[in-house]
Amino acid sequence: MVPAPPPAASFSPAEVQQRLAAGACWVRCGARLYDLTGFLRQHPGGEQLLRARAGQDVSADLDGPPHRHSANARLWLEQYYVGELQGDPQGLMEKGAAASANTQKTDPAMEDKLKLVDWDKDLIDWQKPLLWQVGHLGEKYNEWVHQPVIRPIRLFSSDFIEALSKTAWYSVPIIWMPLMLYLSWSYYRAFAQGNVRLFASFSTEYSVAMPESVFPGLFVLGMLLWTLVEYLLHRFLFHMTPPSNSYYLITLHFILHGQHHKAPFDESRLVFPPVPASLVIAFFYTALQILLPEAVGGTVFAGGLLGYVLYDMTHYYLHFGSPHKGSYLYSMKAYHVRHHFTHQKSGFGISTKMWDYFFHTLMPEEPHLKIQ
């Protein structure tokens, strides 16, 4: 994205129109101008909705109806501030000022926060690796980590270790799909040859042969079990609340998931890096091999591995994709972005809401934004 003009710059209506004609998406709140061009694909309501409001005052849209934007969403907007609108073109300034006044009456606490926004200052030093700093935030950590920013994150001083903590989205299918296909074919052959028996380790007399027809069911079971693992990890590990007096637990939380909530659109940190992922995957494979006959556990594992790949690809798409309005992925994108900005203690499902329904952690539904 083209670097934004310096803060407090001023633009005439003609200059704003030039940028709109060039394809930029600028909006305003009163006289304050924002360049949302770089946010079009990430917006949960879709790119079209923002395009339809290019050049307009969006003060009323922030308050709704039908959708009231959260405090974090308003703070997020301030990161796209580029300057002030000059003059009084066709009375728009008065309308913008009136809309801003209405916003102030509705949420004065929010207006106070906006006045304090300064993205060159923070509780940590963004010029240094973050991982060893966040543990010192103490009781301020939980609020800080749930105020998302658009800055890239650096965790480690070492370039090598830092590189291992990042990954491109396409590395996930490239690395894990061949393994999933190989395991699926190997264990299907074992079933087809009649070499799989249940309870054989306890008694050969009462062991039960398993036909190849059970392979699809076990594979789908693995995919289903992954969605449960995905939910449980997200809810109880990634969203644990570390004690404010524990430097190490705060640091652990940040490296596991806090970094993603702080910079939700850092595309190099949206999928699980291969090196730590391989350790977790090896753990699940070993556990299933111990608990179940080799081919049974391996088939369930292969299904779960495909579920993991689909989960990571879905997660990336929910952040950077532009799903068709009214589609399943459109609703999941809005659902997941609300989890980041508003409901961090609910809405833990990424690929499905099923377990949120089951465990009563579903976020309250809101009507879809309508394009004017």
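Residues numbered from 1 in each chain as written. Predicted model: local features only at pLDDT ≥ 70, side-chain atom pairs only at ≥ 80, totals over all residues. Heavy atoms only, no water.

(A) Quick peek at the overall build of the protein chain. Check the secondary structure of the protein chain and you find 16 helices and six strands. When burial is assessed residue by residue, the protein chain has 46% of its 372 residues classed as buried. Of the contacts made within the protein chain by residues no fewer than 6 positions apart, 71% connect residues no fewer than 24 positions apart. Only carbon and sulfur atoms are counted for the fraction: they give 64% of the accessible area of the protein chain, which is about 19300 Å². (Helix = DSSP H or I, 4+ residues; strand = E, 2+ residues; numbered from the N terminus. Buried < 20%, exposed > 50% of the residue type's maximum accessible area, 1.4 Å probe, protein only. Contact = heavy atoms within 4.5 Å. Areas by Shrake-Rupley, 256 points an atom, 1.4 Å probe, with all protein chains shown as cover.)

(B) Focus on the sheet that holds strand S2 (residues 26-29). The mixed open sheet is built from four strands, whose spatial order is S1-S4-S3-S2. Among the strands making up the open sheet, the edge pair consists of strand S1 (9-11) and S2. Sheet twist, expressed as the mean angle between neighbouring strand axes with direction ignored, is 40°. With four bridges connecting them, S2 and strand S3 (residues 32-35) associate as antiparallel partners. Bridge pairing in S3 places Arg-28 opposite Leu-33. Packed onto the sheet, helix H1 (residues 13-21) meets S1, S2, S3 and strand S4 (81-85) and runs at close to 85° relative to S1. (Pairing = 2+ DSSP bridges. Axes fitted to C-alpha atoms, helices over the stretch in contact; angles between N-to-C directions.)

(C) Quick look at the packing of helix H14 (residues 294-320) against helix H15 (residues 328-341). Running from amino to carboxyl end, H14 crosses H15 at an angle of 80°, the nearest separation of the two axes being 9 Å. Classed by the angle they form, the pair H14 and H15 counts as roughly perpendicular. Counting all contacts with H14, which are made through Thr-314, His-315, Tyr-317, Leu-318, His-319 and Phe-320, the residues of H15 involved are Leu-329, Met-332, Lys-333, His-336 and His-340. Partitioned by chemical class, the residues of the contact of H14 with H15 number five nonpolar, five polar and one charged. (Parallel < 35°, antiparallel > 145°, perpendicular 65-115°, else oblique. Nonpolar A, V, L, I, M, F, W, Y, C, P; charged D, E, K, R; others polar.)

(D) Summary view of the packing of helix H13 (residues 274-291) against H14. Relative orientation of the contacting elements H13 and H14 amounts to 150°, with a least axis distance of 8 Å. In this view, H13 runs roughly antiparallel relative to H14, as classed from their interaxial angle. Crossing hand, H13 versus H14: right-handed. When H13 is examined against H14, the residues Ala-277, Ile-281, Phe-284, Tyr-285, Leu-288 and Gln-289 are found in contact with a partner set consisting of Glu-294, Gly-297, Gly-298, Val-300, Phe-301, Leu-305 and Tyr-308. Taken together, the residues that form the contact of H13 with H14 break down as nine nonpolar, three polar and one charged. (Left-handed = near helix turned anticlockwise from the far one by under 90°.)

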